[in-house]
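Residue-level structure breakdown
Residue-level listing of the chains:
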Amino acid sequence: MSSISQNAPGKTVLLMGNEAIARGALEAGVKVCAAYPGNPSSEIIGTLAKVADELGLHVEWSVNEKVALEVATAASFAGLRGLCAMKQNGLNVASDFLLNLNLSGCRGGLVLVVADDPAGVSSSNEEDSRIFAKLGDLPLLEPANFQEAKEMTKSAFEISEQLGLPVLIRSVTRVSHARGNVCLDELPQSRPKPRFENSLRFHALPAVLNHKLLHEKLDRAKQMFEESPFNFYRGPEKPELMVATSGSGWMYSLEAMINLNVQERVGVLKLGTTWPLPESYVLEHLKKADRILFIEEVDPFLENNVKEIYAQNCLFLGLKAFFGKASKHIPDVGELNPEIVTHAIQNLIQVPYEPRPADYALRAHEAAAELIPARALSFCPGCPHRATYWAVKIALALDGRDGFVLGDIGCYSLGMGPSGFGQMRTLHAMGSGTGLACGFGQLNRFGLEQPVIAVCGDSTFYHAAMPALANAYYNGADFLLLLLDNSATAMTGFQPHPGTGSTATGKEAPVIDLKAICEVFGAHVEVVDPFDVAATVETLLRLLQEEKGVKVLILKRECALVSAKHQKRLYQVEVEQEHCLGETCGCNRFCTRIFKCPGLMWDKAAGKARIDEAICTGCGVCTRICPASAIRKEKA
Amino acid sequence: METGEKVNRGLKALGEKVLNSDQCTACGACLSLCPYLRSWKGRVVKLDNCNLEEGRCFAYCPRTEVDLDEVYRGFFGKSYEEIEMGPVRKIMMARAKDPIWTKKAQTGGVVSALIDFALREGVIQAGVLTPRDGDLLPQGKIITNRKAVLSCAGSSYVSGPTLEALNRGPWKGQERIGIVGLPCQALALARMKTSTLEKKTPIDRVDLVIGLFCTWALDYKPFMAFLYKRVSSLSIKKLNITPPPERILEVMAGKTLSRIPVDDIRPFIRPSCRVCLDMTAELSDISVGTVEGKEGWNTVIVRTAMGENLLKRAKKAGVIETRPLPKDNLSHLKEASLLKKRRALDALKEMGEIEKGYFTLSANLIKCILSESGETLP
């Protein structure tokens, strides 16, 4: 039994923030859970998928976030509780539905968890998703620790049902991915039966009337939040400085106060219901201090909303000084940490504090480097994407017309760096590579002579590239789409998708054939194995030079990490030392300097290349690149 | 210039001075030596950056820092001084006697017949030639028998990386080698021989170089795109340019003969041909070309003892027959050869300064070349 499915009220367990959110949903009696994977949110649905059969839930990986939200919403419309999870970029995809769902309202508890990625550690941006709560007039909760992650999720279902609105929960990486103690409550045993009440209507229209009703609901939410246990103040009655914070900022603030030993001088207002803000509660606390510092991840959301309340009430409050991102006391980009918060507080109340030396980060990095092997941001050894980009690089050079690659979101985004030989020239949203190619594919009429290539992974294809491909054929765009089919949503943790033959809960599923889809969309489709570099180069050149219109080349080869789980390595690869000419070869360390698979290493002592047998997966691709034919492979 | 930095004589410089400056002759001397360069449809393409300070790619190239005196001394034992058409031991007209050669050959079939003879006599055990097949794409091939020699007869007027085959092999290790190449390829071979860099190719076993007269060669890709607009997509059997003043490119595709004015194909001449000093493939044992006004005959220039010996034996064995080259033809040939040199110097002057060109030549010789062609230095 998993720790999140045990019915052990009062027991304390160690949970990851995302597991705590999942547990909160279970304690609320959730029945339908849907998501598209994306860090740092993926473990929420991943965890629930593991207990789905045991607890009688429907858990699915949907093809994209909008569909996922629609799936969870259907449960709500039928009177069940639904949970949907996604990363910040995903909310952009789901927002079209969300910003109509707010008007129609919902029935059973519906909770949308969005896990933001400050500093974009595993994202293309560091967008602050909270703005969508304000945009859509939707209640928003921000957990500050693991227990709260569970409690808030549970409570969000109640709030949702009381208001008839979906409730947003905004997590961040350090809440979602860290672990802490969580005290469990009871798991409900009820088995509600879904039913769509035909007396009910879920229409966004009439827009103005529903907008008015929505504002009334939001006023009720504001009233509810005045009493919320997720908002509290800790500190002296008249602090010299009040820190107003939400989410992971709470823990950072506590640590900073301890660092500076200023608990008697500085108070912390911790807000968990950040939209709509409980106005009376906020005003009451603003009276306590004349100087307020805001600590929150990414955008000055809390900061600006509190300032709005202040502006409306400043006559009664008198002069206040606000500090935060606007005043530059807190950086307005990147991720916070206790050091930043400590420094900001110390700056504002002038307490002696030995700050970290300026070169601390550098020294920490150096100290760590001695313990950790140096690894570049790189494709894994044996990754089919490396072979693909290698072939693309060669084909574009030989083609000689300065062709370029439009990128997309996935492991293959690393194609913008040395691991992908710098081939990828654009990177935006899911499916945007193909969409941009639709546009570039029209520019030949204005004299664009460069070949246009888009890349897209299999999961991304189902997610967002299919409409672009339909558009390409319909409007007669001329480009080559490389469909990198590694049969996995690899970057986010190998979640299954419509092409993999299994579901989130491990059940067998029909496989949707990528080739057939592309052909139906009117594309000329061919399939190659990227490990056959020569054939891939030849096919690329032929498609670029001889075929007009929409072409799709499916580069089919399973993700090396997935393969490693169920099959032995293809080849035993070796650099034959007597054949490797080392520095005298004239190849200028081609295998380790240019091809750069981490499975190849330069043996400084011998002055020759070697295979790192511990990590080589035996794909054999490198055996074709050595001018001295010193890299040999044998069937393993 | 004293910059303190080492002058690059590797791929970096080759890229800047030759590949990116459209000065590549596509001779193939730099290929299959390292993984950074590859040829595709008659073009040499740099795939990756290499930062080595010197490389064989640069050292062998016929368009990089060629010290003509040094190269000629290495090949002939004397400096670059016979400015008309290089060292000449003998000059004559010749043709192959066996119709097997004359039927398919461009003119007199002397080149094919001599290579075949050299193979049969054991003078060489392998040849590096350029097959002439339907898609016209020139590529080097190692040949060891008559059938293979025959497949290489005829010209396509398109240059290609023949010398890559020498670098690539595979070689058994003992064969003596004969190579048929254009003037730029003969120059590259001579540079390979004289280079002090460690050799990775069997250049020291190249005993015979038969050079082909050449005034220019075409760039494969644009020329083919043009050609297939003019002729059917059927396999092209033969290309021939009729002698002046007509100058028509005759293309035999399937059973149809198309006639294209040479002026229409001039845009596809490789820019690197404009700066070429050498029409008669001077750095060869034997140079072979056409004879104006004498269809079915080759002009043959014997330049080395090796060449003279081979020709003598071939004649004695009845493989070829020879006749004296008429005086008018000889003077026209010299004139044309010098004209090519003068045009090359003019082209270099247009591009900047002759002294900054790809070869070093004394001011006196430059003056000489320009004046003997009726021109003087400004």
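What counts as what
Residues numbered from 1 in each chain as written. Chains lettered and ligands numbered in written order. Predicted model: local features only at pLDDT ≥ 70, side-chain atom pairs only at ≥ 80, totals over all residues. Heavy atoms only, no water. Helix = DSSP H or I, 4+ residues; strand = E, 2+ residues; numbered from the N terminus. Rg over C-alpha atoms; globule rule 2.2 N^0.38 Å. Buried < 20%, exposed > 50% of the residue type's maximum accessible area, 1.4 Å probe, protein only. Contact = heavy atoms within 4.5 Å. Areas by Shrake-Rupley, 256 points an atom, 1.4 Å probe, with all protein chains shown as cover. Lys, Arg positive; Asp, Glu negative; His and termini not counted. Charge placed at Lys NZ, Arg CZ, Asp CG, Glu CD. Buried area = accessible area lost by both parts, 1.4 Å probe. Salt bridge = Lys/Arg side-chain N within 4 Å of Asp/Glu carboxyl O. Pairing = 2+ DSSP bridges. Right-handed = clockwise from strand over helix to strand, strands pointing away. Core = buried A, V, L, I, M, F, W, Y, C linked by side-chain atoms within 4.5 Å. Domains from an automatic or database assignment. Nonpolar A, V, L, I, M, F, W, Y, C, P; charged D, E, K, R; others polar. Phe/Tyr/Trp six-rings, centres within 6.5 Å; stacked < 30°, edge-to-face > 60°. Axes fitted to C-alpha atoms, helices over the stretch in contact; angles between N-to-C directions. Polar contact = N/O pair within 3.5 Å; in protein donor to acceptor, adjacent residues only side chain to side chain.

As for the overall build of chain B
- When helices and strands are tallied, chain B shows 14 helices and 15 strands.
- For a compact globule of 378 residues, the expected C-alpha radius of gyration is about 21 Å, and chain B comes in at 20 Å, within 12% of that figure.
- Expressed as lengths along the three principal axes of its C-alpha atoms, the size of chain B is roughly 65 × 50 × 45 Å.
- Out of the 378 residues in chain B, the part that is buried amounts to 55%.
- In chain B, the proportion of contacts linking residues at least 24 apart, taken out of those at least 6 apart, comes to 70%.
- Total accessible area on chain B is roughly 17200 Å²; 50% of this is exposed by carbon and sulfur atoms.
- Averaged over its 58 positive side-chain charges, chain B has a centre that lies 7 Å from the centre of its 44 negative ones.

What to know about the interface of chain A and chain B
- Contacts between chain A and chain B engage 19 residues on the former and 18 residues on the latter.
- Looking at the side of chain A facing chain B, the largest losses of area belong to A:Leu398, A:Asn588 and A:Phe590, adding up to 31% of the total buried there.
- Put simply, chain A and chain B have 1 salt bridge between them.
- Between A:Lys393 and B:Asp48 there is a salt bridge; the shortest N-O distance is 2.4 Å.

Focus: the pairing of strand 13 (residues 291–295) of chain A
Residues and elements named next belong to chain A.
- Buried residues dominate strand 13, accounting for 4 of its 5 residues.
- Pairing of strand 10 (residues 241–245) with strand 13 involves 4 bridges; the strand directions are parallel. Opposite Met242, over in strand 13, you have Ile292 as the bridge partner.
- In this sheet, strand 14 (residues 321–323) lies alongside strand 13 in parallel orientation, the contact comprising 3 bridges. Bridge pairing links Leu293 to Phe323 in strand 14.
- Crossover strand 13 to strand 14 through helix 11 (residues 301–317) is right-handed.

Topic: the nonpolar core
- Of all hydrophobic cores here, the largest spans 72 residues; its most connected members are A:Trp390, A:Leu482, A:Phe595, A:Leu600, B:Leu14 and B:Leu37.
- Among the elements that make up this core, the one with the highest residue count is helix 14 (residues 384–399) of chain A (9 residues).
- Excluding its chain neighbours within four sequence positions, the residues that come into contact with B:Leu37 are B:Leu11, B:Leu14, B:Leu19, B:Cys30, B:Leu31, B:Val44, B:Val45, B:Lys46 and B:Cys57.
- Among the nonpolar cores identified, the runner-up in size contains 70 residues, and A:Val51, A:Leu57, A:Leu138 and A:Ile169 belong to it.

What about the domain arrangement of chain B?
Residues and elements named next belong to chain B.
- For chain B, the assigned domains are domain 1 (1–68 + 86–215 + 274–334) and domain 2 (220–268).
- For domain 1 versus domain 2, the distance between C-alpha centres works out to 24 Å.
- The contact between domain 1 and domain 2 buries some 1300 Å² in all, and 59% of this surface belongs to carbon and sulfur atoms.
- Counting the surface domain 1 buries against domain 2, the share from its top three residues, Lys41, Leu136 and Tyr157, is 33%.
- Grouping the constituent residues of the side of domain 1 that touches domain 2 by class yields 6 nonpolar, 5 polar and 5 charged.

Observations regarding the pattern of salt bridges
Residues and elements named next belong to chain A.
- If you walk through the whole model with that rule in mind, you get 64 salt bridges over all chains.
- Linking Glu216 and Lys212 is a salt bridge whose minimum nitrogen-to-oxygen distance equals 3.2 Å. Taken as a pair, Glu216 and Lys212 lie in helix 8 (residues 207–226) at a separation of 4 residues, close to a single helical turn.
- You can call Lys212 exposed: its relative accessible area is 52%.
- Between Lys222 and Glu279 there is a salt bridge whose closest N-O contact spans 3.5 Å. With Lys222 in helix 8 and Glu279 in helix 10 (residues 279–286), this residue pair connects regions lying 57 residues apart in the sequence.
- With relative accessibility at 22%, the residue Lys222 sits in the partly exposed group.

Examining the packing of aromatic side chains
Residue and element names in this part refer to chain A.
- Counted by the stated rule, this structure contains 20 aromatic pairs over all chains.
- Relative to Tyr389, the ring of Phe379 lies with its centre 5.9 Å away and its plane at 10 degrees, an arrangement referred to as stacked. With Phe379 in the loop between helix 13 (360–371) and helix 14 and Tyr389 in helix 14, the pair connects residues that are 10 residues apart, well separated along the chain.
- Overall, the relative accessible area of 3% leaves Phe379 in the buried class.

Some details on the sheet that holds strand 10 of chain A
Residue and element names in this part refer to chain A.
- If you trace the 5 strands from one edge of the open sheet to the other, you get 9-11-10-13-14, paired in mixed fashion. Of all the strands in the sheet, the pair left with one neighbour each is strand 9 (232–234) and strand 14. Neighbouring strand axes in the sheet, compared pairwise and without regard to direction, differ in orientation by 20 degrees on average.
- Against the sheet, helix 9 (residues 249–260) contacts strand 9, strand 10, strand 11 (266–270) and strand 13, and its axis sits at roughly 170 degrees relative to strand 11.
- Strand contacts of helix 10: strand 9, strand 10, strand 11, strand 13 and strand 14, with the helix running at about 15 degrees to strand 9, the strand carrying the most contacts.

A short note on the domain arrangement of chain A
All names here are of chain A.
- Partitioning chain A into structural domains gives domain 1 (12–226), domain 2 (232–349), domain 3 (384–566) and domain 4 (571–635).
- Distance between the C-alpha centres of domain 1 and domain 2: 27 Å.
- Domain 1 puts 29 residues into the contact, and the matching count from domain 2 is 29 residues.
- When domain 1 packs against domain 2, the two sides together hide about 2300 Å² of surface, and 55% of this comes from carbon and sulfur.
- If you sort the residues of domain 1 by the area they bury against domain 2, Arg130, Lys134 and Glu226 come out on top, with a joint share of 24%.
- Glu148 is paired through a salt bridge with Lys270; the nearest N and O atoms lie 2.6 Å apart.
- Linking domain 1 to domain 2 there are 18 residue pairs in polar contact (both at pLDDT 80 or more).
- Residues of the side of domain 1 that touches domain 2, tallied by class, amount to 16 nonpolar, 1 polar and 12 charged.

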